[in-house]
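The chain contents come next:
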Amino acid sequence: MSLCFLTACDLMNQGILALVSSIGCTSAGSLQSLADAMHIPHLFIQRSTAGTPRSGCGLTRSNRNDDYTLSVRPPVYLNDVILRVVTEYAWQKFIIFYDNDYDIRGIQEFLDKVSQQGMDVALQKVENNINKMITGLFATMRIEELNRYRDTLRRAILIMNPSTAKSFLTEVVETNLVAFDCHWIIINEEISDVDVQELVRRSIGRLTIIRQTFPVPQNISQRCFRGNHRISSSLCDPKDPFSQSMEISNLYIYDTVLLLANAFHKKLEDRKWHSMASLTCIRKNSKPWQGGRSMLETIKKGGVNGLTGELEFAENGGNPNVHFEILGTNYGEDLGRGIRKLGCWNPVTGLNGSLTDRKLENNMRGVVLRVVTVLEEPFVMVSENVLGKPKKYQGFSIDVLEALATYLGFKYEIYVAPDHKYGSPQDDGSWNGLIGELVFKRADIGISALTITPERENVVDFTTRYMDYSVGVLLRKAEKTVDMFACLAPFDLSLWACIAGTVLLVGLLVYLLNWLNPPRLQMGSMTSTTLYNSMWFVYGSFVQQGGEVPYTTLATRLMMGAWWLFALIVISSYTANLAAFLTITRIENSIQSLQDLSRQTDIPYGTVLDSAVYEHVRVKGMNPFEKDSMYSQMWRMINRSNGSENNVLESTAGIQKVKYGNYAFVWDAAVLEYVAINDAECSFYTVGNTVADRGYGIALQHGSPYRDVFSQRILELQQNGDMDVLKHKWWPKNSQCDLYSSVDTKQKGGALDIKSFAGVFCILAAGIVLSCFIAMLETWWNKRKGSRVPSKEDDKEIDLEHLHRRVNSLCTDDDSPHKQFSTSSIDLTPLDIDTLPTRQALEQISDFRNTHITTTTFIPEQIQTLSRTLSAKAASGFSFGSVPEHRTGPFRHRAPNGGFFRSPIKTMSSIPYQPTPTLGLNIGSDPDRGTSI
């Protein structure tokens with residue numbers, strides 16, 4: 001037998017009217033059996049151990065007439081209250097902590113219901129030595145397991161006494177197991193106002209406290225009056241320290257005694273008083289108290305308004321009057337935050353009030369977020385860095401964050417990740433960089449050019465994407481070299497060689513055709529069909545400058561017709577192609593996609609070591625099931641020397657490497673486009689994928705309460721067009737630089753510069769220099785020839801007197817038709833006569849039929865020419881017309897080999913011209929034979 005049972009038996013022997021017990025569930029069963037057997041009214045007040053929440057005792061109720069036990073304290077409604085609160089918060093995963101003194105079977109009903117709803121619930125018992133327990137967690141868990149445990153602690157329910165709850169909160173906060181984004185629920189009927197303030201002071205994040213409360217009269221003067229009696233002010237005043245320290249079970253004991261006093265008074269008034277029962281419970285044949293049923297009915301029908309409110313009993317013998325108060329704080333990291341009443345709960349009306357954090361959904365005024373970032377143009381850049389003042393930042397991501405802060409009302413503090421990295425998993429399972437700051441709860445959110453990847457989502461949460469992401473390549477545009485002979489660019493060197501050979505070949509063919517079939521020369525013609533003239537004529541017709549050699553034969557004309565058609569096509573093609581070359585520069589770089597980049601090895605390429613792009617290429621490149629071989633080729637280049645050869649530590653280093661070296665940088669396309677747009681020299685161009693497979697997002701701690709509200713606001717910014725406005729601010733559509741051209745090209749047509757025609761001027765200058773050199777060489781050669789005695793072969797002095805007599809003799813002697821001149825010819829060009837009058841045109845002085853003897857005189861200063869043709873049939877000489885009889889002047893004669901030389905006779909030569917009778921000769925030409933002088 002227990003001590004409580006023996007004590008109750010001793011009291012019955014002395015005589016009692018009712019039994020009041022405030023014990024635990026273990027002894028309550030034996031007292032219930034004793035009271036039912038002795039018919040003694042039993043008022044049971046369940047007491048928990050050291051303030052631990054109660055568990056249902058599970059007292060068996062037999063026949064209503066044989067049940068003499070009344071439960072003064074209401075049933076344990078923790079299961080119902082917790083289920084309602086968790087459902088209101090929409091939790092799907094949480095952990096329940098309970099202390100040693102709590103009977104976990106008390107929430108078995110709750111566990112069954114949440115399991116049916118698909119919630120993931122874990123249970124953990126809190127040892128008495130909390131510090132040892134936390135230290136053991138760090139010692140036994142790996143980094144990955146510890147991170148998962150931290151994620152579990154974000155949502156937790158504490159079922160323990162206030163003292164243990166305070167110690168537990170202090171340990172988990174100091175060991176950085178929880179952060180401000182956690183949300184914990186502490187439920188206990190025995191939590192005083194002092195305990196509430198202390199729990200709030202020691203916690204971070206959001207805290208919800210559920211405790212039993214008792215209604216207090218609104219009229220202060222009536223708080224201590226209960227019916228016809230007055231209660232001590234130390235008990236009824238809620239601000240009194242003594243009342244604050246009282247346990248709820250003691251309050252129920254006070255009200256129970258008050259209830260019994262009213263019942264006894266009622267019995268006396270009704271004159272139905274029964275003598276006290278003096279019973280012996282040890283004897284087997286002991287009879288129960290006869291007045292027990294009457295006394296029990298009087299107690300049940302009675303009621304009292306005490307310290308715990310209305311104390312009355314239902315038909316089942318339980319007290320139905322219970323109220324729970326739900327208190328809560330907002331999210332934040334400030335200790336000692338204020339707490340407010342969120343709602344209340346009772347078994348009749350259920351939850352009264354809303355548990356939604358209005359500050360979180362409508363605005364976050366008063367919340368200060370710690371933001372970690374990585375500098376990356378144009379997402380995050382330092383706009384102002386004044387010594388002694390916080391740095392100011394700007395960029396596309398900062399604009400998005402500012403839009404969220406303006407709408408939600410929160411404030412933020414930005415700092416750069418210590419290692420200036422986005423973050424990657426380490427060998428021990430931890431993370432570095434920006435992601436590591438979030439994992440270790442040192443930052444609330446992370447924002448930059450941060451892409452959403454599956455690996456990162458395992459350790460942090462992301463908002464919805466606020467910008468699409470794709471991989472791009474930054475390359476340097478091909479430098480526009482100064483090509484002095486750009487005019488030759490329309491044709492290939494081999495084509496130019498063919499054209500030059502064709503000119504020589506056609507010139508040679510024309511000469512041969514004329515040599516085989518000499519053409520008929522027009523009277524007074526100054527040209528001859530030499531090889532030199534043929535070449536010159538073919539070249540002149542090719543460059544559309546005409547020629548001077550007459551071609552009268554059919555074969556030659558067919559040849560020249562084909563040549564002119566060939567020249568027309570070549571010159572037209574050259575002109576059209578030259579215009580294209582001078583206005584639009586040909587694309588010299590063949591890299592126009594990631595596939596082109598992966599196929600070539602001349603330009604090395606890489607990315608930021610251990611970045612998301614690096615991991616993306618590595619995973620796809622090492623995947624044997626990847627269909628596209630592009631990634632495997634890229635991975636071989638990027639992973640040279642274990643990644644140290646072609647990769648960089650920061651994106652800025654990669655951009656500088658592209659600008660000043662032979663290198664291609666693989667990185668975020670948005671970042672590269674911004675760099676190419678804002679380059680002062682427009683020396684970059686970008687290529688990449690057009691399909692966005694990922695996006696940029698805002699990273700938050702795992703399970704952060706801000707994820708949903710941030711995502712909702714981002715969707716609103718995208719829907720109303722504000723996000724596009726922010727994008728155009730940093731990526732304008734109209735830019736002075738062409739992002740996709742691999743060479744420097746002008747956006748608008750402009751004047752051609754001197755560089756485009758430098759080759760033409762060089763060719764002209766070379767021709768001038770060459771002509772001057774040849775002129776000097778000819779002058780030297782002529783002087784050298786004139787300084788020595790002429791030989792018979794290379795220099796012949798023409799005696800014009802002898803020539804005159806010879807011509808006269810030919811004309812006056814035998815005029816037989818069988819006598820004719822030799823077909824050999826002597827050209828006298830030029831013949832300078834300084835005494836001739838000035839004339840501007842070629843003058844024909846006299847013609848001599850059939851002889852084809854032509855005398856041509858040139859006056860270089862006046863460009864004057866005299867032509868005379870002597871006829872072989874003239875009987876009495878030839879007439880000079882109106883020319884004076886004697887002309888003297890210096891002569892310059894042509895040698896038989898075609899060269900010019902000055903006559904060695906230094907004196908003036910006089911040529912007497914004797915007029916001859918006119919013989920009525922027919923001025924004409926005989927193409928059959930003749931000698932030209």
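- An unreviewed UniProt entry annotates the protein as Glutamate receptor originating from Cyanoderma ruficeps.
- The annotation that UniProt attaches to the protein under Sequence similarities (unreviewed entry) is "Belongs to the glutamate-gated ion channel (TC 1.A.10.1) family. GRID2 subfamily."
- Under Subcellular location (unreviewed entry), UniProt gives the following word-for-word description of the protein: "Postsynaptic cell membrane".

## Quick look at the overall build of the protein
Here is step 1 of the chain: Each helix and strand counted, the protein has 28 helices and 35 strands in total.
Here is step 2 of the chain: Split into buried and exposed, the 933 residues of the protein put 46% on the buried side.
Here is step 3 of the chain: A separation threshold of at least 6 residues defines the contact pool for the protein, and within that pool the share at least 24 residues apart is 73%.
Here is step 4 of the chain: Approximately 48,800 Å² of the protein is accessible, and the part contributed by carbon and sulfur atoms is 54%.

## What to know about the state of the cysteines
Here is step 1 of the chain: What the rule picks out here adds up to one disulfide.
Here is step 2 of the chain: Between the sulfur atoms of C682 and its disulfide partner C737 the distance amounts to 1.8 Å. Taking the torsion about the S-S bond as the criterion, the C682 to C737 disulfide, at about -65°, is left-handed. With a gap of 55 residues between them, C682 in the loop between α24 (669-677) and β26 (684-688) and C737 in the loop between α26 (722-730) and α27 (758-786) connect regions that are remote in the sequence.
Here is step 3 of the chain: Assessed through its relative accessible area of 5%, C737 is described here as buried.

## Structural notes on the packing of helix α17 (residues 493-516) against helix α18 (residues 531-542)
Here is step 1 of the chain: Running from N to C, α17 and α18 point in directions that differ by 130°, and their axes come no closer than 8 Å. Considered as vectors, α17 and α18 are oriented oblique to each other. Note that α17 runs across α18; the crossing there is right-handed. Contacts between α17 and α18 involve I499, V503, L504, V506, G507, L508, V510, Y511 and N514 on the former and, on the latter, L531, S534, M535, V538, Y539 and F542.
Here is step 2 of the chain: Of the residues that constitute the contact of α17 with α18, the class distribution is twelve nonpolar, three polar and no charged.

## Section: the confidence of the model for the protein
Here is step 1 of the chain: Summarising the model, the protein shows a mean pLDDT of 74, and 71% of its residues fall at 70 or more.
Here is step 2 of the chain: Considering only residues more than four positions removed or in separate chains, one finds that residues 792-798, a stretch of pLDDT under 50, has twelve contacts.
Here is step 3 of the chain: A low-confidence stretch, residues 814-933 (pLDDT under 50), is modelled with 241 contacts involving residues beyond four sequence positions or located in other chains.

## A few points about the pattern of salt bridges
In a structure, side chains of opposite charge can pair up when their charged atoms sit close to one another.
Here is step 1 of the chain: Per the counting criterion, the structure on display carries 22 salt bridges.
Here is step 2 of the chain: Residue E189 is joined to R54 by a salt bridge in which the shortest nitrogen-to-oxygen separation is 2.9 Å. Separated by 135 residues along the polypeptide, E189 in the loop between β7 (183-187) and α8 (193-202) and R54 in the loop between β2 (42-44) and β3 (69-71) bring together distant segments of the chain. For the pair formed by E189 and R54, the shared burial category is buried.
Here is step 3 of the chain: For the salt bridge of R713 with E716, the shortest nitrogen-to-oxygen distance reads 3.0 Å. Highlighted residues: R713 and E716, both in helix α25 (residues 706-719), separated by three residues, approximately one helical turn.
Here is step 4 of the chain: Taking the relative accessible area as the measure of exposure, R713 reaches 13% and is therefore buried.
Here is step 5 of the chain: With relative accessibility at 25%, the residue E716 sits in the partly exposed group.
Here is step 6 of the chain: Each of R54, R73, E189 and E190 takes part in a single network of salt bridges with overlapping partners.

## Structural notes on the side chain of N346
Here is step 1 of the chain: Mapping N346 onto the fold places it in strand β14 (residues 340-346).
Here is step 2 of the chain: A distance of 2.7 Å separates the side chain of N346 from the backbone nitrogen of T349, its partner in a polar contact.
Here is step 3 of the chain: In this structure N346 touches V322 and H323, once residues within four positions along its chain are discounted.

## Let's talk about helix α6 (residues 143-152)
A turn of α-helix holds 3.6 residues, and therefore any two residues three or four places apart point the same way.
Here is step 1 of the chain: Listed as buried for α6 are L146, N147, Y149, R150, D151 and T152.
Here is step 2 of the chain: For α6, the elements touching its buried residues are β4 (93-98), β5 (120-125), α5 (130-140), β6 (155-159) and α15 (433-439).

## Side note on a nonpolar patch on the surface
Here is step 1 of the chain: A cluster of nonpolar side chains, namely L770, F773, I774, L777, W780 and W781, defines an oily patch on the protein surface of about 640 Å² accessible area.
Here is step 2 of the chain: Within the fold, F773 resides in helix α27.

## Digging into helix α1 (residues 3-14)
Here is step 1 of the chain: Given a rise of 1.5 Å per residue, twelve residues ought to cover 16 Å, and the 17 Å separating the end C-alpha atoms of α1 matches this to within 8%.
Here is step 2 of the chain: The set of residues buried in α1 consists of F5, A8, C9 and M12. The arc enclosing the buried residues of α1, seen along the axis, measures out at 100°, which places them on a common side. Looking at α1, the residues exposed on the side facing more than 90 degrees away from the buried face are L3 and Q14.
Here is step 3 of the chain: On its buried side, α1 packs onto β1 (19-21) and α2 (25-38).
Here is step 4 of the chain: Positive phi shows up at G15, right after α1, with a value of about 105°.

## Points about unusual backbone geometry
Here is step 1 of the chain: Going from E377 to P378, the amide bond is cis rather than trans, its omega being -5°.
Here is step 2 of the chain: For H420, which is not glycine, the phi dihedral falls at a positive 60°.
Here is step 3 of the chain: The class for H420 is partly exposed, based on a relative accessible area of 43%.

## Structural notes on the pairing of β14
Here is step 1 of the chain: Looking at chain direction, strand β13 (residues 323-328) and β14 are connected through five bridges and run antiparallel. The residue of β14 that forms the bridge with E325 is C344.
Here is step 2 of the chain: Counted between consecutive antiparallel strands, the loop separating β14 from strand β15 (residues 350-353) contains three residues.

## As for the environment of V459
Here is step 1 of the chain: Mapped onto the elements, V459 comes out in the loop between α16 (454-457) and β21 (460-462).
Here is step 2 of the chain: Between the alpha carbons of V459 and V439 there is a distance of 6.6 Å; along the sequence they are 20 residues apart.
Here is step 3 of the chain: Among residues more than four places away in sequence, those in contact with V459 are W431, I435, V439 and H702.

## Looking at the sheet that holds strand β25 (residues 664-668)
Here is step 1 of the chain: Taken in spatial order, the four strands make up an open sheet running β24-β25-β23-β26, and their pairing is mixed. Each of the sheet's edge strands pairs with one partner strand only, and the pair in question is β24 (605-606) and β26.
Here is step 2 of the chain: Across four bridges, strand β23 (residues 471-476) lies against β25 in antiparallel orientation. By the bridge assignment for β25, V471 is matched with D668.

## Brief notes about the sheet that holds β4
Here is step 1 of the chain: Read across the sheet, eight strands follow the order β5-β4-β6-β7-β8-β13-β14-β15 without closing on themselves; strand pairing throughout is mixed. The sheet is open, and its two edges are formed by β5 and β15, each paired on a single side. Averaged over all pairs of adjacent strands, the angle between their axes in this sheet comes to 20°, without regard to strand direction.
Here is step 2 of the chain: Packing against the sheet, helix α3 (residues 78-89) makes contact with β4, β6, β7, β8 (206-213), β13, β14 and β15, and its axis sits at approximately 165° to β7.
Here is step 3 of the chain: Each of β7, β8 and β13 is contacted by α8, which is oriented at about 170° to β8, the strand it contacts most.

## Quick notes on the side chain of N161
Here is step 1 of the chain: Tracing the backbone through its elements, the reader meets N161 in the loop between β6 and α7 (162-174).
Here is step 2 of the chain: Among the polar contacts made by the side chain of N161, one reaches the side chain of D99 at a distance of 3.2 Å.
Here is step 3 of the chain: Among the polar contacts made by the side chain of N161, one reaches the main-chain amide nitrogen of T164 at a distance of 2.8 Å.
Here is step 4 of the chain: Discounting chain neighbours no more than four positions away, the residues touching N161 are A50, G51, T52, P53, D99 and N188.

## What to know about the packing of α5 against α7
Here is step 1 of the chain: Where α5 contacts α7, the axes come no closer than 10 Å and their chain directions differ by 35°. Considering how the two elements wind past one another, α5 and α7 form a crossing that is right-handed. From α5, I130, N131, M133 and I134 reach across to α7, where they touch T164, S167, F168, E171 and V172.
Here is step 2 of the chain: Here the residues of the contact of α5 with α7 sort into five nonpolar, three polar and one charged.

## Quick word on the nonpolar core
Here is step 1 of the chain: Membership of the largest hydrophobic core comes to 92 residues, with the highest contact counts inside it found for F379, F396, F410, Y466, F665 and F710.
Here is step 2 of the chain: Counting residues in each nonpolar core, the second largest holds 41 residues, with I16, L19, M38 and L259 among its members.

## Digging into the packing of aromatic side chains
Here is step 1 of the chain: In total, this model carries 23 aromatic pairs according to the counting rule given.
Here is step 2 of the chain: The interplanar angle of 25° and the centroid separation of 6.1 Å between the aromatic rings of Y89 and W91 together place this pair among those described as stacked.
Here is step 3 of the chain: According to the relative accessible area criterion, Y89 is buried, its value standing at 13%.
Here is step 4 of the chain: Its relative accessible area of 4% is what places W91 among the buried residues.
Here is step 5 of the chain: Grouped by ring-pair contacts, the aromatic residues F379, F396, Y466, Y469, Y696 and W731 constitute a single cluster.
Here is step 6 of the chain: Positioned above the aromatic ring of Y68 is the side chain of R293, whose terminal nitrogen or guanidinium carbon lies 4.4 Å from the ring centre.
Here is step 7 of the chain: Lying across the ring of Y663, K657 places its NZ or CZ 4.4 Å from the centre.

What counts and how
- Residues numbered from 1 in each chain as written.
- Predicted model: local features only at pLDDT ≥ 70, side-chain atom pairs only at ≥ 80, totals over all residues.
- Heavy atoms only, no water.
- UniProt positions renumbered as here; feature names shortened; annotations may be inferred.
- Helix = DSSP H or I, 4+ residues; strand = E, 2+ residues; numbered from the N terminus.
- Buried < 20%, exposed > 50% of the residue type's maximum accessible area, 1.4 Å probe, protein only.
- Contact = heavy atoms within 4.5 Å.
- Areas by Shrake-Rupley, 256 points an atom, 1.4 Å probe, with all protein chains shown as cover.
- Disulfide = S-S within 2.5 Å.
- Axes fitted to C-alpha atoms, helices over the stretch in contact; angles between N-to-C directions.
- Parallel < 35°, antiparallel > 145°, perpendicular 65-115°, else oblique.
- Left-handed = near helix turned anticlockwise from the far one by under 90°.
- Nonpolar A, V, L, I, M, F, W, Y, C, P; charged D, E, K, R; others polar.
- pLDDT = per-residue confidence, 0-100.
- Salt bridge = Lys/Arg side-chain N within 4 Å of Asp/Glu carboxyl O.
- Polar contact = N/O pair within 3.5 Å; in protein donor to acceptor, adjacent residues only side chain to side chain.
- Patch = residues over 30% accessible without salt bridge, like charges linked within 9 Å, V, L, I, M, F, W, Y side chains within 5 Å.
- Expected span 1.5 Å × (residues − 1).
- Arc of directions from axis to C-beta.
- Pairing = 2+ DSSP bridges.
- Core = buried A, V, L, I, M, F, W, Y, C linked by side-chain atoms within 4.5 Å.
- Phe/Tyr/Trp six-rings, centres within 6.5 Å; stacked < 30°, edge-to-face > 60°.
- Lys NZ or Arg CZ within 6 Å of the ring centre and 35° of its normal.

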